Amino acid sequence: MKVRDLAALSPGAEWVVVGLPDEPIAGAYTSDMLSDVLAHAPPGGVLITIQAHRNTVAVAMHRGLRAIVLAHHRPVPRDMAEAAQAEGIAILRAPADQYTLSWRLHEHLRDEGVVR
Amino acid sequence: MTSPASSPTSLRRLRFDLHLHSCLSPCGALDMSPAFIAARCRRLGIHVAALADHNTARNAPAFAEASREQHLHPLFGAEVTTAEELHVLALFDDPNAALAFGEWVYGRLPLVPCRPEAMGDQPVVNARDEIVDTVPLYLGSATDLPLTDLGAEIRRRGGLFIPSHVDRPVHSLTSQLGRIPDLPYDAVEVGPAYDPVADPLRLRGRWAMIRSSDAHHPGQIGCGWTLLSVSDLSVAEIRAAFRRLAVVQRRSPQAGLGPRIPPLR
Ligand SMILES: [Zn+2]
Ligand SMILES: [Zn+2]
C-alpha cells in the first residue's frame, strides 16, 4: 500500500497535503495523545488521529511518519498544512471515525503482510 | 474607617492582557519582539501585559526592559503544555521567578529538536530586537507535567495558575479532558466566542473569567482584555482582584470582560 491509496479508506476523504504519494506504508498507529505517538508510532507509518494542529506534524516528523489521517473530517489549520508540506508528510481528512479507519487500514496492511 | 491603603479609592481600574506570545514561540510572528509588543500594548491602551511563550520564559528579561521604557506594567511567565496536552498560563510578577520556572518547564520537554523550516523560529532576543540565542528543543511539544502537579508547582513558586482558552477545540481543558476539573485556578481564560451569560461550562462565580488576546501576530494585540481593579501589580493583589471579579461576575457575567472581537488573521 502506498500513501496515495489511503484515500480509499473512507468515502468522502480528501487530500489536504499529498506528501510523497508513491512512498510505501510501513505500518500504522492510532492515538490522540501525541506523547504516546511520539513513543510508539512506527517509522514510515501512518497516524490516525483527531489532533488537527501543527504539533501533530512535529511529532510525525520526529517519528518519520509518511501520513496523517484526520478522523471525523477535522478541519486543518493553515500552519499545520504548511508544516506538512515542507516535510513531505501527507494529510488526509476522512469523515470516518478512528476505529473504522484503523480496521480498514489494518485489512489492507494485513493482506499485504506489512502487519500481522 | 478603613485605612487609605485598603479603601476602594486606592484601587485603579486597569486593562490587562495576560496572554501574549513573542517571536520565541515557534508559532509567533518574527516581528513580535518584546520591544514591539510593549510599544503596541501601550499604544492600544493595555496597561498590564503578560508575556507567555510556549514552555519557556527566556524573553522575560527583554520584556522587562522594554516595558520599563514604555511605562507598561509587565508580568512574565509561560504557557505550559501539560502531559494532557492542554495549555496553562503560569504568570509571575518577577522576571527572574519566571525565568527559573521556565527553565524547569523546558527541562520537562521531550528531546524533539526544532526544525525551523517546518516548525518556525525560536529566537531569544534582547530589548533592542537583537537575536541573542535560539532555543534548540521544539517548544510546541507537550511536557510530562500532569495538570494538577503543574498547578501545585506554579502556586508553590508564587505564580498565577490560569488554564488557557478553556472553551477551545484544541489544547484546552474541554478538548482534552471533556470537562473543567475543580482545581484552585486563580482565573480561567475564555476565548472570544465564549458567551459568559449562557455560560455553557458553568464557570460563573466559581472562578474569574478573563479574556486575553493570545496574540501571536501584531494584528491580534488588543483583541482581548480584562478590566481588573487593583491597588498594585503583585501576584497576591491580582489574585485578590480575580476573587473580587468572580463575585461580581456571579451577578454580572460580562463584568470586566473586553468585547467579543474575533482575532484578526
Ligand atoms: Zn494556547
Ligand atoms: Zn497562547
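Residues numbered from 1 in each chain as written. Chains lettered and ligands numbered in written order. Predicted model: local features only at pLDDT ≥ 70, side-chain atom pairs only at ≥ 80, totals over all residues. Heavy atoms only, no water.

Caption draft 1: Summary view of the overall build of chain B. Looking only at helices and strands, chain B features seven helices and ten strands. Referenced to the eigenvectors of the C-alpha coordinate spread, the extents of chain B come out at roughly 55 × 45 × 35 Å. In chain B, of all internal contacts separated by at least 6 residues, the share reaching a separation of at least 24 is 70%. If you sum the accessible surface of chain B, you get close to 10,800 Å²; carbon and sulfur atoms cover 55% of it. For chain B, the distance from the average position of its 27 positive side-chain charges to the average position of its 28 negative side-chain charges is 8 Å. (Helix = DSSP H or I, 4+ residues; strand = E, 2+ residues; numbered from the N terminus. Contact = heavy atoms within 4.5 Å. Areas by Shrake-Rupley, 256 points an atom, 1.4 Å probe, with all protein chains shown as cover. Lys, Arg positive; Asp, Glu negative; His and termini not counted. Charge placed at Lys NZ, Arg CZ, Asp CG, Glu CD.)

Caption draft 2: Highlighting the interface of chain A and chain B. Each partner contributes residues to the interface: chain A has 16 residues there, and chain B has 20 residues. In total, about 1,400 Å² of surface goes out of reach between chain A and chain B, with carbon and sulfur atoms giving 52% of it. When residues of chain A are sorted by the area they lose upon contact with chain B, Arg54, Asn55 and Met61 of chain A head the list and together hold 34% of the total. At the boundary of chain A and chain B, one finds one salt bridge. (Buried area = accessible area lost by both parts, 1.4 Å probe. Salt bridge = Lys/Arg side-chain N within 4 Å of Asp/Glu carboxyl O.)

Caption draft 3: Expanded view of the coordination of the zinc ion (ligand 2). All names here are of chain B. Taken together, His19 (NE2), His21 (NE2), Glu79 (OE) and Asp214 (OD) make up the full set of protein donors to the zinc ion (ligand 2), lying 2.0 to 2.2 Å away. Each of the four donor atoms bound to the zinc ion (ligand 2) contributes to angles spanning 79 to 172 degrees, and the resulting shape is irregular. The zinc ion (ligand 1) is placed at 3.3 Å from the zinc ion (ligand 2), the two being bridged by glutamate 79. Pair noted here: histidine 19 is in strand 1 (residues 12-20) and glutamate 79 is in strand 3 (residues 73-81), with a separation of 60 residues, a long-range link. Of the residues examined, histidine 19 reaches a relative accessible area of 0% and is grouped as buried. What makes glutamate 79 buried here is its relative accessible area of 1%. (Donors = N, O, S within 2.8 Å, 3.2 Å for Na, K, Ca; no water. Tetrahedral: all angles 85-135°; square planar, octahedral: opposite > 155°, others 65-115°. Buried < 20%, exposed > 50% of the residue type's maximum accessible area, 1.4 Å probe, protein only.)

Caption draft 4: Quick look at the nonpolar core. With 46 residues, the main nonpolar core has Ile37, Cys41, Phe63, Phe101, Leu147, Tyr185 and Leu203 of chain B as its most contacted residues. Elements represented by at least two residues in this core include exactly helix 1 (34-43), strand 2 (48-54), helix 2 (60-70), strand 3, strand 4 (87-92), helix 3 (95-106) and helix 5 (147-156) of chain B. If we ignore the near neighbours within four places in the chain, the residues touching leucine 203 of chain B are Val166, Ile180, Val188, Val190, Tyr194 and Met209 of chain B. Counting residues in each nonpolar core, the second largest holds 26 residues, with Ala52, Val57, Ala58 and Ile68 of chain A among its members. (Core = buried A, V, L, I, M, F, W, Y, C linked by side-chain atoms within 4.5 Å.)

Caption draft 5: Structural detail: helix 3 of chain B. All names here are of chain B. Across its twelve residues, helix 3 extends 16 Å between first and last C-alpha, which sits within 8% of the 16 Å expected from 1.5 Å per residue. Inspection of helix 3 places Pro95, Ala98, Phe101, Gly102, Val105 and Tyr106 among the buried residues, and these make up the whole buried set. The buried residues of helix 3 occupy an angular sector of 135 degrees when the element is viewed end-on, so they sit on one face. Where the residues of helix 3 are buried, they touch helix 2, strand 3, strand 4 and helix 5. Two to three positions downstream of the cap, the backbone nitrogen of asparagine 96 sits 3.0 Å from a side-chain oxygen, assigning the N-cap of helix 3 to aspartate 94. (Expected span 1.5 Å × (residues − 1). Arc of directions from axis to C-beta. Polar contact = N/O pair within 3.5 Å; in protein donor to acceptor, adjacent residues only side chain to side chain.)

Caption draft 6: Region of interest: the sheet that holds strand 2 (residues 28-30) of chain A. All names here are of chain A. Pairing in this open sheet of five strands is mixed, and the strands run 1-5-4-3-2 from one edge to the other. Both edges of this open sheet fall to strand 1 (14-17) and strand 2, since each of them pairs with a single strand only. When strand polarity is set aside, the average angle formed by the axes of neighbouring strands in this sheet is 20 degrees. Note that strand 3 (residues 46-49) and strand 4 (residues 67-70) share four bridges and pair parallel. Bridge pairing links valine 46 to alanine 67 in strand 4. (Pairing = 2+ DSSP bridges. Axes fitted to C-alpha atoms, helices over the stretch in contact; angles between N-to-C directions.)

Caption draft 7: Spatial organisation of the sheet that holds strand 10 (residues 226-230) of chain B. Residues and elements named next belong to chain B. Spatial strand order, 7-4-3-2-1-10: six strands in an open sheet with mixed pairing. Among the strands making up the open sheet, the edge pair consists of strand 7 (160-163) and strand 10. Recorded for the sheet is a direction-independent mean angle of 30 degrees between the axes of neighbouring strands. Sheet analysis places strand 1 next to strand 2, joined by three bridges and oriented parallel. Opposite phenylalanine 16, over in strand 2, you have valine 48 as the bridge partner.

Caption draft 8: Region of interest: the side chain of threonine 100 of chain A. Structurally, threonine 100 of chain A can be placed in helix 4 (residues 98-111). Of note is the side chain of threonine 100 of chain A, whose polar atom sits 2.6 Å from the side chain of aspartate 97 of chain A.

Caption draft 9: Structural view of the coordination of the zinc ion (ligand 1). All names here are of chain B. Taken together, the protein ligands of the zinc ion (ligand 1) are Glu79 (OE), His87 (ND1) and His165 (NE2), with distances of 2.1 to 2.2 Å. Read from N- to C-terminus, the donor residues coordinating the zinc ion (ligand 1) fall into the pattern E-x7-H-x77-H. Relative accessible area serves as the criterion here: at 3%, histidine 165 is assigned to the buried category.

Caption draft 10: Layout of the environment of glutamine 85 of chain A. By the element assignment, glutamine 85 of chain A lies in helix 3 (residues 78-87). Linking glutamine 85 of chain A and leucine 20 of chain A, residues 65 residues apart in sequence, is a C-alpha distance of 9.7 Å.

Caption draft 11: Expanded view of the pattern of salt bridges. All names here are of chain B. Across all of its chains, the model carries 17 salt bridges over all chains by this definition. Across the salt bridge formed by glutamate 130 and arginine 128, the nearest N and O atoms sit 3.8 Å from each other. On the basis of relative accessibility, which here comes to 54%, the residue arginine 128 falls in the exposed class. Across the pair arginine 244 and glutamate 237 runs a salt bridge, and its minimum N-O distance is 2.9 Å. Its relative accessible area of 35% is what places arginine 244 among the partly exposed residues.

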